[in-house]
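Close look at the chain arrangement
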Amino acid sequence: MMKFIFLFFPFLLFAQSKITTRTIEKRLEKSNALLIEGQTDEMVTLNLSILDDAKHINYAEGKLSAYYNLALAFSMQHKYNKSNYFLKMMEPEFKNSDAEDQEISMNILYSINYRGIKMYDEALKKLRKNLLMANDLKNDSTRHAIKGMILVQVGKNYLEKKKYDSVTYYGKKIVDELKKSKKMDVGMNTSLKAALLLLSEAKLNENKIDSAEFYMNLARSVPVDWGNNDFATLKLFGQIHDVRKQYDSAIVDYEKAIKLATKAKNLKKLSELYHLIAKSYEKTGQIDNGKRYELKYNSLNDSLKRIDEENLEDTVGLLVEEKKKPLEHRTHILLYVILIGFVGAIIIIFFVHNRMKKKNRVLNIKEKETQELNQKLNFAFEEVSQLAKNNDPEFLARFQEVYPEFISKLLKIEPELQSTELKFCALLFLNFSTKDIAAYTFVQPQSVQTRKNRLRKRLGIPSDEDIYLWMKKNK
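Conventions adopted
Residues numbered from 1 in each chain as written. Predicted model: local features only at pLDDT ≥ 70, side-chain atom pairs only at ≥ 80, totals over all residues. Heavy atoms only, no water. Axes fitted to C-alpha atoms, helices over the stretch in contact; angles between N-to-C directions. Helix = DSSP H or I, 4+ residues; strand = E, 2+ residues; numbered from the N terminus. Parallel < 35°, antiparallel > 145°, perpendicular 65-115°, else oblique. Left-handed = near helix turned anticlockwise from the far one by under 90°. Contact = heavy atoms within 4.5 Å. Nonpolar A, V, L, I, M, F, W, Y, C, P; charged D, E, K, R; others polar. Buried < 20%, exposed > 50% of the residue type's maximum accessible area, 1.4 Å probe, protein only. Salt bridge = Lys/Arg side-chain N within 4 Å of Asp/Glu carboxyl O. pLDDT = per-residue confidence, 0-100.

Interhelical geometry of helix 18 (residues 395-402) versus helix 20 (residues 419-429) gives an angle of 60° and a closest axis separation of 10 Å. When the axes of helix 18 and helix 20 are compared, the pair comes out oblique. Seen along the crossing, helix 18 lies across helix 20 with a hand that is left-handed. Along its contact with helix 18, which presents Phe-395, Leu-396 and Phe-399, the element helix 20 presents Ser-419, Leu-422, Lys-423, Ala-426, Leu-427 and Phe-429. Across the contact of helix 18 with helix 20, the residue classes tally to seven nonpolar, one polar and one charged.

Moving on to the side chain of Ser-271. Relative to the helices and strands, Ser-271 is located in helix 14 (residues 267-283). Looking at Ser-271, the relative accessible area reads 4%, which means it is buried. Beyond its immediate stretch of four places on either side in the chain, Ser-271 contacts Tyr-297, Leu-300, Asn-301 and Leu-304.

Our next topic: the pattern of salt bridges. Tallied over the full model, the rule gives 24 salt bridges. Here Arg-27 ties to Asp-53 by a salt bridge, and the two come within 2.4 Å at their closest N and O atoms. In this pair, Arg-27 sits in helix 2 (residues 21-36) while Asp-53 sits in helix 3 (residues 40-56), placing the two residues 26 residues apart along the sequence. For Asp-121, the salt bridge is made with Arg-398, and the minimal N-O distance between the two is 3.2 Å. With Asp-121 in helix 7 (residues 120-135) and Arg-398 in helix 18, the pair connects residues that are 277 residues apart, well separated along the chain. One network of salt bridges, in which partners are shared, links Asp-121, Lys-161, Glu-383, Arg-398 and Glu-401.

A few words on the confidence of the model for the protein. The pLDDT averaged across the protein works out to 81; a share of 81% of its residues lies at or above 70. Counted against residues more than four places away or in other chains, residues 331-339, with its pLDDT under 50, gives zero contacts. Of the regions scoring below 50 in pLDDT, residues 341-346 engages in one contact with residues more than four places distant in sequence or in other chains.

Here the focus is unusual backbone geometry. A positive phi angle is found at Asn-431, which is not glycine, with a value near 70°. By secondary structure assignment, the location of Asn-431 is in the loop between helix 20 and helix 21 (434-441). The phi angle at Phe-442 is positive, at roughly 60°, despite the residue not being glycine. Considering the arrangement of structural elements, one finds Phe-442 in the loop between helix 21 and helix 22 (445-459). Accessibility expressed as a relative area gives 66% for Phe-442, which makes it exposed.

Here it is in structure tokens:
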């Protein structure tokens, strides 16, 4: 009898674990629950399994959702290179799916990853493109919900850029957009709460404490549960209490927020909370507690810097790849036009005069556009130079936005270059002298000269070639 059972056990097991689109959808619902609780490691494990099942039955929507969930989980862990990998895996699946809003969600997450390494302008470009796509969505409620999500991300970029007027403008725009919907769902309430928190934080940074508290209370009244991700609300309440010198209340809020951020594994917010609570403890005279949290802040901040360096190369490479696509498309169109022009050469002869006049007009427009571009580049050059002179931590990220191809070319020559070496190359590109670099980076001039010599060896720059001219040639 036992032998009989063992013989049929594999068939029974197979029957019990039959993969269907319905079973995949149920497991995706479980993934959403893990997201709310901030259990990103469990979310990754679950969605890798879902992805295998969706591939097994060739379920396009299941594959798209699993890829997106994996990208989202890694983004929440600030592992933007892994997140971008799964976003890239999504792209070929769109041709097999009619999920019209999924591509927009993908681009929103791309923008979040760009914001994560302080490429705010690139993030905003993605989001503006998404707004145009969202306007074409046929379903009214879907359109309002998606536009709300996009505008929230726009507001977050302006918040990090410290443009609080723009944050206020977009925060109110989100509220107005969501009011157009006849019925609010969980997703819309999530965007509404996020918008109110953005407005509160903007007012807090403008030192308009009453307005900040007003928006905070509105945010708390929104019927949506963020679970472990609700640390943002507590953090803002803590900051409001801190400004009002209610330090004990601020510490209570920060402690609660730290517990949630720890569960959600949001390291960046956790680092910020450690710093805030350390300052509050110092203000109450509890120096030991203040130092304890300051040590935690410094340790975690160092870890985050290492993570940022790991993300840097892949994200910049992705950006360069994206910029190549339209250039390749234009090349194909140009070849097609040349072919048609050759075939119709006899006809074109009769229109030479008119075409020359049009061409002159186009050249004039291009010349004007070139002048405007040069003005923008000059402004950007001055901005980047000033960041370098101030030894600002944002210098390298802003330099990448202005000169995206420079670092990509260096990494092709020597993929093992560290961020400190990339920053040094950027300073040479900006034509800073040895003396200037030494002054701005707080080192001795001979140390700068030593680094130049090492770079020559690593990048293969001939000893008789001017290193500054070499850097300019590689832009």
